[in-house]
Structures are given as C-alpha cells and as structure tokens.
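Structural description and commentary
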Amino acid sequence: MPDWAYGKRQLVITNKYNYLFYLYGNEVTGIWKYTSNGGREQIFHKDIPELPKNVHRESTEELTAYIIIYQVDMGVSRGKAGSILITSYSKSTPKEVREKTLRKIAEKEGFTQADLYCTMEAYKANYSESFLKKHPNALKDGFLGRVREDGTFFSE
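I will try to describe carefully the structure that is included in this document. All of these numbers come straight from a predicted model, not from anything done at the bench.

**Side note on the overall build of the chain**
If you tally the helices and strands in the chain, you get four helices and ten strands. Listing each helix as α and each strand as β along the chain from the N terminus yields β-β-β-β-β-β-β-α-β-α-α-α-β-β. Residues classed as buried in the chain amount to 36% of the 156 residues present. Across the chain, contacts joining residues at least 24 apart in sequence account for 42% of those joining residues at least 6 apart. A total of about 9,300 Å² of accessible surface is found on the chain, and carbon and sulfur atoms cover 50% of it. Side chains of the chain carry 23 positive and 20 negative charges; the gap between the two charge centres is 5 Å.

This is how it looks when you write it as structure tokens:
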C-alpha cells in the first residue's frame, strides 16, 4: 500500500478478512478491516504524538511565530509542500492577513504548496479520516487556507 502522511501502510490478507495497518515508526496507530461491501471499518486507533520534525519559528518583525507541522519534497520539479500552524490566528483573522502570512512563510521555507491551520486538531482531521469522524468540526474550525502549486489561495 502507498505510504500515508506519517509513515507506512501495510495490507494484511487473512482467510477471513483483509486488514490495513497504519504505522508510525515501528508502532501500529490504526487498523482497518475491509468489510464485505467494499468499505472499511476501524477496529483500532491510537493518536500519534506531536511529530518530532516540527520546526518552531519565533516571531519576527515580518512574521508571527509559527510551527512547520509537516513538510515533504513533492519531487524534483514540484518543490516542497508544508503544513503550518499559527495558534495566534483563527477563522476571524482576516482572509487577506492569512493569505499574506502564508505566502511569506511559503516563500521563506521554499514551499510551492502550503496549508495553514490554527489548531493541531484541524491538521490531524485533514489527514486522518478516523480523527475527522471523532472531531467533525475540527477541520471546519481550524483550517485557515492553502496556497496551491499554481499560486492561487483557497480558504473556506
């Protein structure tokens, strides 16, 4: 199976059911059972800790403090993607301010695509279907916008 945002996924086939294991390092953090109707049912979930690769940036005259939650190289010609957390922002922060800040961070960090969140829960909900089901408002309340690869800004 292709990897997920935090690690490997492994498909295990048994005589009775097929299972999908989500791994974070050497630890199993989720197990899904494939059902007879082609769906999946979660049978185990463990929250992952805050990622050790988080990069904390202090406030400067130009930018507020932020955390790079996740970053990945998207390939030679596509650059890097990143997920940014700014806890001092919220949905009430003007869209223009969120966009300007995210563009400055993307330029500084070398991201061709970047997402902005004000809560870790929103970030987790964006990458974990099971987390989103348990916290249905997390993404709606904490996702602040995205600069896409083509340079456009999107926010809900």
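**Let's talk about the nonpolar core**
Counting 16 residues, the largest nonpolar core has Tyr66, Ile84, Ile86, Leu102, Ile105, Phe111 and Leu116 as the members making the most contacts within it. Not counting chain neighbours up to four residues away, the residues in contact with Leu116 comprise Ile84, Ile86, Tyr89, Arg98, Leu102, Gly142, Phe143, Leu144 and Gly145. One finds Ile67, Ile69, Tyr117 and Tyr123 within the second-largest nonpolar core, a separate group that totals seven residues.

**Structural notes on the environment of Ala125**
Topologically, Ala125 is positioned in helix 2 (residues 120-127). Ala125 gets classed as buried once you look at its relative accessible area, which sits at 4%. Not counting chain neighbours up to four residues away, the residues in contact with Ala125 comprise Phe131, Leu132, Ala138 and Leu139.

**Description of the packing of aromatic side chains**
Counted according to the given criterion, the structure contains six aromatic pairs. Note on Tyr117 and Tyr123: the rings are 5.6 Å apart at their centroids and 80° apart in plane angle, and the pair reads as edge-to-face. Tyr117 gets classed as buried once you look at its relative accessible area, which sits at 0%. Seen from their ring centres, Tyr117 and Phe143 are 5.7 Å apart, and the 65° between their planes marks the pair as edge-to-face. Taken as a pair, Tyr117 in strand 8 (residues 111-117) and Phe143 in strand 9 (residues 143-147) lie far apart in primary sequence, 26 residues in all. Neither residue differs from the other here; Tyr117 and Phe143 are each classed as buried.

Criteria and cut-off values
- Residues numbered from 1 in each chain as written.
- Predicted model: local features only at pLDDT ≥ 70, side-chain atom pairs only at ≥ 80, totals over all residues.
- Heavy atoms only, no water.
- Helix = DSSP H or I, 4+ residues; strand = E, 2+ residues; numbered from the N terminus.
- Buried < 20%, exposed > 50% of the residue type's maximum accessible area, 1.4 Å probe, protein only.
- Contact = heavy atoms within 4.5 Å.
- Areas by Shrake-Rupley, 256 points an atom, 1.4 Å probe, with all protein chains shown as cover.
- Lys, Arg positive; Asp, Glu negative; His and termini not counted.
- Charge placed at Lys NZ, Arg CZ, Asp CG, Glu CD.
- Core = buried A, V, L, I, M, F, W, Y, C linked by side-chain atoms within 4.5 Å.
- Phe/Tyr/Trp six-rings, centres within 6.5 Å; stacked < 30°, edge-to-face > 60°.

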